[in-house]
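Examining the three-dimensional arrangement
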Amino acid sequence: MRKPVLAIVLGSLVLTSALRAVVPQKWELRTREDYLRGKFDGISVSYDGTLALAPKAEKIAAPQEEFYLSVLATAEGVTFLGTGHGGKIYRIDKDGKAELWFQAPEMDVTTLAQDAKGTLFAATSPNGKIYKITDKGKGEEFFNPAEKYIWDLLFLEGGDLWAAVGENGGIYRISPLGEGRMFFKAAQNHILCLERTARGDVIAGSGGNGLLYRIGPDGRAAVLFETPYEEVRSLAVDREGQIYAAASGTSTRARKDEASETPVRLDAEVTVTASASGGEGRSGYQPAGGAARDGGALYRLTGDGLAKRLWSSDDEMIYSLLWREGEKKVVFGTGGRGRIYSVDREERVALLLQQSSEQVYQLVPLDSKIYVLSNNPCYFGLLLTEQRFAGEYVSPVLDARTPAAWGRIVWDAAVAAGSSVQLQSRSGNTGEPNATWTDWSPYYGKTEEQVLSPKARFLQVKVLLRTQTGKASPVFNRLTVFYLQSNIAPAVTRLEFLKPNEVYLKLPEQDDVILGVERALAEAPVKKDDLRFGLPSRKAERKGFQTVVWDASDENGDTLRYSLAIRKDGETEWRVLEDAWSETIYAFDTLAVPDGTYFLRLSASDSPSNPLGLELRTDRISPPLVVDNSLPVVKGFTAARNGAALDIAFQAEDSYSYIEEAKILVRPGEWRVVFPVDGIADSRSESFKVSLKLPAGAENQVTVRVRDSYGNVGVFRQNF
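So, here's what we can say about the structure. Every chain's residues receive numbers from 1 upward, in the order its sequence appears when written. A pLDDT threshold of at least 70 governs which residues receive local features in this predicted model, and a stricter bar of 80 or more applies before side-chain atom pairs are shown or counted, although totals over entire chains, interfaces and linings include all residues. The basis for every side-chain value is the complete set of non-hydrogen atoms in the structure, without hydrogens or water.

**So, the sheet that holds strand β13 (residues 138–147)**
- If you walk across this open sheet you meet the 4 strands as β10-β11-β12-β13, and the pairing is antiparallel. Only two strands of the sheet have a single partner each, and these edge strands are β10 (108–114) and β13. Direction aside, the axes of adjacent strands within the sheet are offset by 25° on average. By this definition, two strands are paired if DSSP reports at least two bridges between them. Secondary structure counts use DSSP, requiring at least four H or I residues in a row for a helix and at least two E residues in a row for a strand, with both numbered from the N terminus. To get an axis, fit a line to the C-alpha atoms, keeping to the stretch in contact for a helix; angles then go from 0 to 180 degrees between the N-to-C directions.

**Here we look at the pattern of salt bridges**
- A pair is scored as a salt bridge if a Lys or Arg side-chain nitrogen falls within 4 Å of a carboxyl oxygen belonging to Asp or Glu. Inspection of every chain in the model, using the stated rule, returns 27 salt bridges.
- With a closest N to O distance of 2.7 Å, Asp 201 and Arg 199 form a salt bridge.
- Take Asp 201: its relative accessible area is 10%, and that puts it in the buried class.
- Through salt bridges that share partners, Arg 91, Glu 99 and Lys 136 make up one connected network. Accessibility here uses a 1.4 Å probe with only protein chains present; expressed as a share of the type maximum, an area under 20% marks a residue as buried, one over 50% as exposed, and anything in between as partly exposed.

**A short note on empty space enclosed by the protein**
- In this analysis a 1.4 Å probe is tested at points of a 1 Å grid over the protein atoms alone, and where it fits but cannot get out there is a cavity; an open set with protein on both sides within 12 Å along at least five of seven lines is a pocket; lining residues have an atom within 4 Å of a point. Grid points are joined across faces, edges and corners, and a volume is the space filled by probe spheres set on the points. Scanning the model with the defined rule gives 1 cavity of 30 Å³ or more in all.
- Taken as a whole, the largest cavity encloses approximately 80 Å³ of empty space.
- Considering the residues around the largest cavity, the lining is formed by 14 residues, among which Pro 500, Thr 590, Asp 628, Asn 629 and Tyr 710 are closest to the centre.
- Broken down by secondary-structure element, the contributors of at least two residues to the lining of the largest cavity are β42 (545–553) and β48 (625–627).
- The nonpolar class holds Ala, Val, Leu, Ile, Met, Phe, Trp, Tyr, Cys and Pro. Asp, Glu, Lys and Arg form the charged class, and all remaining residues, Gly among them, are polar. The residue makeup of the lining of the largest cavity, split by class, is 6 nonpolar, 6 polar and 2 charged.

**Quick look at the nonpolar core**
- Note on terminology: a nonpolar core comprises buried Ala, Val, Leu, Ile, Met, Phe, Trp, Tyr and Cys residues joined through side-chain atoms within 4.5 Å. Counting residues in each nonpolar core, the largest one holds 43 residues, and the members touching the most others are Phe 40, Leu 51, Leu 298, Leu 423, Phe 476 and Leu 479.
- The element best represented in this core is strand β34 (residues 398–414), accounting for 6 residues.
- Should any heavy atoms of two residues lie within 4.5 Å, those residues are counted as being in contact. Sequence-distant contacts of Leu 479, defined by excluding residues within four places in its chain, comprise Trp 27, Glu 28, Leu 29, Tyr 35, Ile 409, Val 410, Trp 411, Leu 423 and Val 461.

**Some thoughts on the pairing of strand β16 (residues 170–174)**
- Most of β16 sits inside the fold, with 4 of its 5 residues counted as buried.
- Pairing between strand β15 (residues 161–166) and β16: 5 bridges, direction antiparallel. When the sheet's bridge partners are listed, Val 165 is paired in β16 with Gly 170.
- Linkage of β15 to β16, two consecutive antiparallel strands, is achieved through a turn of 3 residues, within which Gly 169 is found at a positive phi near 55°.
- Bridge count for β16 against strand β17 (residues 180–185) is 5 bridges, and the pairing is antiparallel. If you follow Tyr 172 over to β17, its bridge partner there is Met 182.
- Remark: 5 residues form the turn of the hairpin made by β16 and β17, two consecutive strands paired antiparallel; Gly 178 in that turn has positive phi of roughly 85°.

Read these as geometric descriptors, not functional statements.
Dropping the structure here:
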């Protein structure tokens, strides 16, 4: 069922763009991506974002093991299960009775296969072997490839058995008599999966670098597709010859535009490998390892290798996939969240089911049903076509960013006769719900009610779907929660002064003009110059100006206004420089105030976004600011000839800042820097004595130039 189109579509867990405390905010779930952030128990979500009851799952009473690695369903209705770390194979008959069928000496039974006569074959790892099992407890070594891992087995029509192996990354062809050799050697460490096509080719997926190979009956192989992932671990082929490939793991490289070099057929003593970009897979690589930590993708490929990505995730990887011809869908199970998805011919992705196990490890068809093998914890069961009678969905946590008052909860659903939809909510002040959160509220029976959970920063909603008949599921379309944030006072995180006289000048705004450009342009030239955007101003010096800059923020996202006031040290009254200022930079003329030490008060208010009486303000006092516009003076100046030199002595003084530099000049000579008697200019009063060698033709006037630390310059002249 498609949902009615609303005028406003807000996306995943949407907060409105203009967060203002006086305006109620809206949190909405309405798309598939929105819902997938939550948790599902017996609930499906469609491609267009509707919740419904999931298909029924029926658990099969399999022997308790640490985990299972393989499952085989036979035409006779018998099922075989291979374990991990126990080396056991169980047989489950039509009536559900389970018994230990074979005990392998190796730890893991990685894959099971059956030949045309119905004989069971099992591959084990590590130090893998292939066993032929003819009856309970009766099995013998069929073939030993001397490889560490055997990942997949595939019988061809002629009776030959193909085995995909690692860590040497290749495929063995084994005759019905158990005689075999490696006929294909890949550059990757592992060949993980094999699948036969309608025209007789075999498709193989590799691990280390996720490549998809096409291998002909004659052994000739070519790289059909190079994924940007570490491995291709599962394959399926539909009747039209389209290939579905599950790629997962760490991204190994960017997609290449050029095809990889292709391997050729191997003769008895010759090994030729494919040359694919990237190095060998990591040592000790184990595709069948623990819980998924990396992402993955599902690709659909045409017979000539044209690929299209149908699904991808950053935190789920695909363990198993299968094609459902009757439904024209590909079904796949993921690790990380234990989910089973489907993708139809129109490329519409739906979540069928989420399990309590973390990994949906293998999916095997059984008529209209699907065997589901899952791990962490271990589970074996059937996914049926009938729907459940009840299920619940728990939303992701809404973070209001501040303590919030909850408004209305509004939802939309199609409820058939004999079915029901109920909602509950809970709130708390931790990002993850825990014992400090409130209990779930009473049920919301109406589609629009006041939220019953108390004021808090976080909120979560539970949706419960039920049906009495099991034939018509209620369909949940949309959830909206309104809330009002508590007003939080603004925060001023930085308040700094630039150097005295330093200001920023705004650059002139004008269009760039290309000089000498041709007249007959097909279209206007594309602008790709970010320099002007990144440099909206430049620094300059302007006498007497003092610039102050600051950073301020507001938890509510409110619009802020600033007020600046100044107070002289020793006084109590603040004098306002500017009120209702909107920028975070301010330059004022210090020539309008007497020299002295001052403090600046910056007030940040959220008044533009809040009603009168509810606005909040934050004040911050600056470090001391020295205003010094007086010029340094020269006192006690003496100058006397001493042969060809001139002996000079004087005192330089400033009222508020230290003397930074002194220079003297007797023309036609040059300005000469002079140091104070104590060797360093670092105080408001400095004594200078210097003997200056007079240049030829020197005039009888000496000029002294003194600069203080605030850039004020005093000049003194005297004849000698």
